[in-house]
Amino acid sequence: MSASLASVVDWSGLLDVAWVSLSAGIGVTAAFALGILGATRAVDMRRSGNAIAAAAYTVLMLLAIVAVTGAVAFALLIMAG
Amino acid sequence: MDNDLILIVVVATALAFDFTNGFHDTANVVATSISTRAMAPRIAVGYAAILNFVGAFVSIEVASTIAGGIVEADLITPLVIFGGLIGAIAWNLMTWYFGLPSSSSHALIGGVVGAAFAAAGPDAVLGEGLIGEVAIPALVAPTLAFIVSGLAILMIYRIVGRLRPGPVSRGFRAGQVISGGLLALAHGTNDAQKTMGIITLALIADGTLAAGADPPFWVIVSAATAIALGTYMGGWRIIKTMGSRILKMDTAQGFAAQGGGAAVILAASHVGFPLSTTHTISGGVMGAGAAKRLSAVRWGVAGNIVVAWVLTLPAAAVIGAGTYGLTRLFGTGAVGPLIISVAIVAGIGAAFVRRLRRGSVISAAEA
């Protein structure tokens, strides 16, 4: 029974769903959280007069925005293709 | 002429099912965004309806699985599909009436399998496809959504845990516009395709399309429209009860739950697995809740979902088989489907009026 079950299940498809979901779900949420970290810290640093740190956090925020937007757009392009 | 009439009844029934699917599932798609106040209810519902419509055009892999991977298309007739649809609609209505959580997708697949079995015996059911492409992914997807959302929220708390709560909350509230939109898109992609697959199967059974054909464009547009309209109509009922019935979660949890659920549904849709979007979204919500605090999850609700999992496929199959048998009492023409359709509409009307008199129709619809 276990052998026949193993043969009918699309393991390759399930594996694809698992790794794509894990990497996209966790990756995009982590990137978005880094964007919020960058935005919040950039404001804090600017207020405390630390221009270099503020610029670095602004770059982090922008990179995170690009990563999230790019990941979503890439996913939709793959789906539509 | 008779065949055309049967086909029209089957297509209309399939679109009615699609409408109820959107109506029934609106709560799952927009609940998180509304409960965290990421979006105003009216905007959330309209936004979900539009993205449900758009999502239906994204892919046709799930439609192909439904049309060719679950039952033997050569042995199926439009009457079989009608029986299956009635099985699904009847089970959905029963669970709606009694407030039980259920999956429209599993009901649809169960109904069609039951009617096919009654019509042509076990040869009509593709057991391998049913187990490999429906049953196993149905078990894996909610678990995966639970894990993805749980890990995502742990990652989020690690990154933003020491920041001031105000900006973090505002940030994730904005993020929920994206994650909620992706979830609505994912819902439209997976669920609308099931109806497309059923209508395509009816067109193949009728001889209008060749076996293995893709859904025609008019099928995609009509399925997209029906689920979007159902979402929009269903949403207005939710507005009144939303504030009190949804589990409270913070905006980061909402973002993680929606993001995790959307990632699983979109990935599965691309591969062609017809999932229960309801169960997958529930898995995401529970994962985001459990990662913060195990007791935050209503485990009783989780238990009900498991019971519904076990019951839905066989129950819809039995009703689908019974409906097919009942239809055949009137021959192979359009008389049977017409009589049963009228009876179903009358039954729905009576149940709705009864619920309305009890004053609990809204809470039952959102259960």
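The structure presented is a predicted model; accordingly, all values stated were derived computationally and were not measured.

**Q** With reference to specific residues and values, describe the overall build of chain A.
**A** Of the regular secondary structure elements, chain A holds three helices and zero strands. Scanning chain A from its N terminus toward the C terminus, one meets helices and strands in the order α-α-α. Expected size for 81 residues packed as a compact globule is a radius of gyration near 12 Å; at 20 Å, chain A overshoots this value by more than 25%. Relative to its 81 residues, chain A shows a buried fraction of 33%. A total of about 4,600 Å² of accessible surface is found on chain A, and carbon and sulfur atoms cover 77% of it.

**Q** I'd like to hear about the interface of chain A and chain B, residue by residue, with values.
**A** Contact residues are listed per partner, giving 31 residues for chain A and 39 residues for chain B. Summing both sides of the interface, chain A and chain B together bury roughly 2,900 Å²; the carbon and sulfur share of this comes to 84%. In this structure, Asp-44 of chain A engages Arg-164 of chain B in a salt bridge whose closest nitrogen and oxygen atoms are separated by 2.5 Å. In this structure, the connection of chain A to chain B is made through one residue pair in polar contact (both at pLDDT 80 or more).

**Q** Any chance you could break down a nonpolar patch on the surface for me, citing the residues and the numbers?
**A** Residue and element names in this part refer to chain B. A cluster of nonpolar side chains, namely Ile-50, Phe-53, Val-54, Phe-57 and Phe-217, defines an oily patch on the protein surface of about 470 Å² accessible area. The greatest single-element share of the nonpolar patch, amounting to three residues, is contributed by helix α2 (residues 41-55). When you line up the elements, Phe-53 lands in helix α2. A relative accessible area of 31% places Phe-53 in the partly exposed class.

**Q** Mind laying out a positive patch on the surface, listing which residues take part and the relevant values?
**A** Together, Arg-37, Arg-170, Arg-173 and Lys-248 of chain B make up a positively charged patch on the protein surface. In this fold, Arg-37 of chain B is placed in the loop between α1 (2-35) and α2.

**Q** Can you break down the environment of Thr-40 of chain A residue by residue, with the values?
**A** Here Thr-40 of chain A shows up in helix α2 (residues 11-47). With 17 residues separating them along the chain, Thr-40 of chain A and Ser-23 of chain A place their C-alpha atoms 25 Å apart. The contact partners of Thr-40 of chain A, leaving out residues within four places of it in the chain, are Leu-163, Arg-164 and Pro-167 of chain B.

**Q** Tell me what's going on with the side chain of Thr-327 of chain B, and back it up with residues and numbers.
**A** All names here are of chain B. Relative to the helices and strands, Thr-327 is located in helix α11 (residues 299-328). A relative accessible area of 0% places Thr-327 in the buried class. In contact with Thr-327, other than residues within four places in its own chain, are Leu-79, Phe-82, Gly-336, Pro-337 and Ile-340.

**Q** Kindly report on helix α7 (residues 165-206) of chain B, identifying the contributing residues and their values.
**A** Residue and element names in this part refer to chain B. Between its first and last C-alpha atoms α7 spans 60 Å; for 42 residues at 1.5 Å apiece the expected length is 62 Å, and the two agree. At Gly-175, α7 is bent by approximately 30°, the largest bend along its length. Just downstream of α7, Gly-207 is the residue with a positive phi angle, here 90°.

**Q** So what about the packing of α2 of chain B against α7 of chain B? Which residues, and what values?
**A** Two quantities define a packed helix pair, namely the angle between the axes and the distance from one axis to the other. Residue and element names in this part refer to chain B. Look at α2 against α7: their axes get within 7 Å of each other, and the N-to-C directions meet at 45°. As summarised for this structure, α2 and α7 are arranged oblique, according to the angle between their axes. In the crossing of α2 with α7, the sense of the turn from one axis to the other is right-handed. On α7, the residues touching Tyr-47, Ala-48, Leu-51, Asn-52, Val-54 and Gly-55 of α2 are Val-177, Gly-180, Gly-181, Ala-184, Leu-185, His-187, Gly-188 and Thr-189.

The rules we used
Residues numbered from 1 in each chain as written. Chains lettered and ligands numbered in written order. Predicted model: local features only at pLDDT ≥ 70, side-chain atom pairs only at ≥ 80, totals over all residues. Heavy atoms only, no water. Helix = DSSP H or I, 4+ residues; strand = E, 2+ residues; numbered from the N terminus. Rg over C-alpha atoms; globule rule 2.2 N^0.38 Å. Buried < 20%, exposed > 50% of the residue type's maximum accessible area, 1.4 Å probe, protein only. Areas by Shrake-Rupley, 256 points an atom, 1.4 Å probe, with all protein chains shown as cover. Contact = heavy atoms within 4.5 Å. Buried area = accessible area lost by both parts, 1.4 Å probe. Salt bridge = Lys/Arg side-chain N within 4 Å of Asp/Glu carboxyl O. Polar contact = N/O pair within 3.5 Å; in protein donor to acceptor, adjacent residues only side chain to side chain. Patch = residues over 30% accessible without salt bridge, like charges linked within 9 Å, V, L, I, M, F, W, Y side chains within 5 Å. Lys, Arg positive; Asp, Glu negative; His and termini not counted. Charge placed at Lys NZ, Arg CZ, Asp CG, Glu CD. Expected span 1.5 Å × (residues − 1). Bend = angle between axes of the 7 residues up to and from the residue. Axes fitted to C-alpha atoms, helices over the stretch in contact; angles between N-to-C directions. Parallel < 35°, antiparallel > 145°, perpendicular 65-115°, else oblique. Left-handed = near helix turned anticlockwise from the far one by under 90°.

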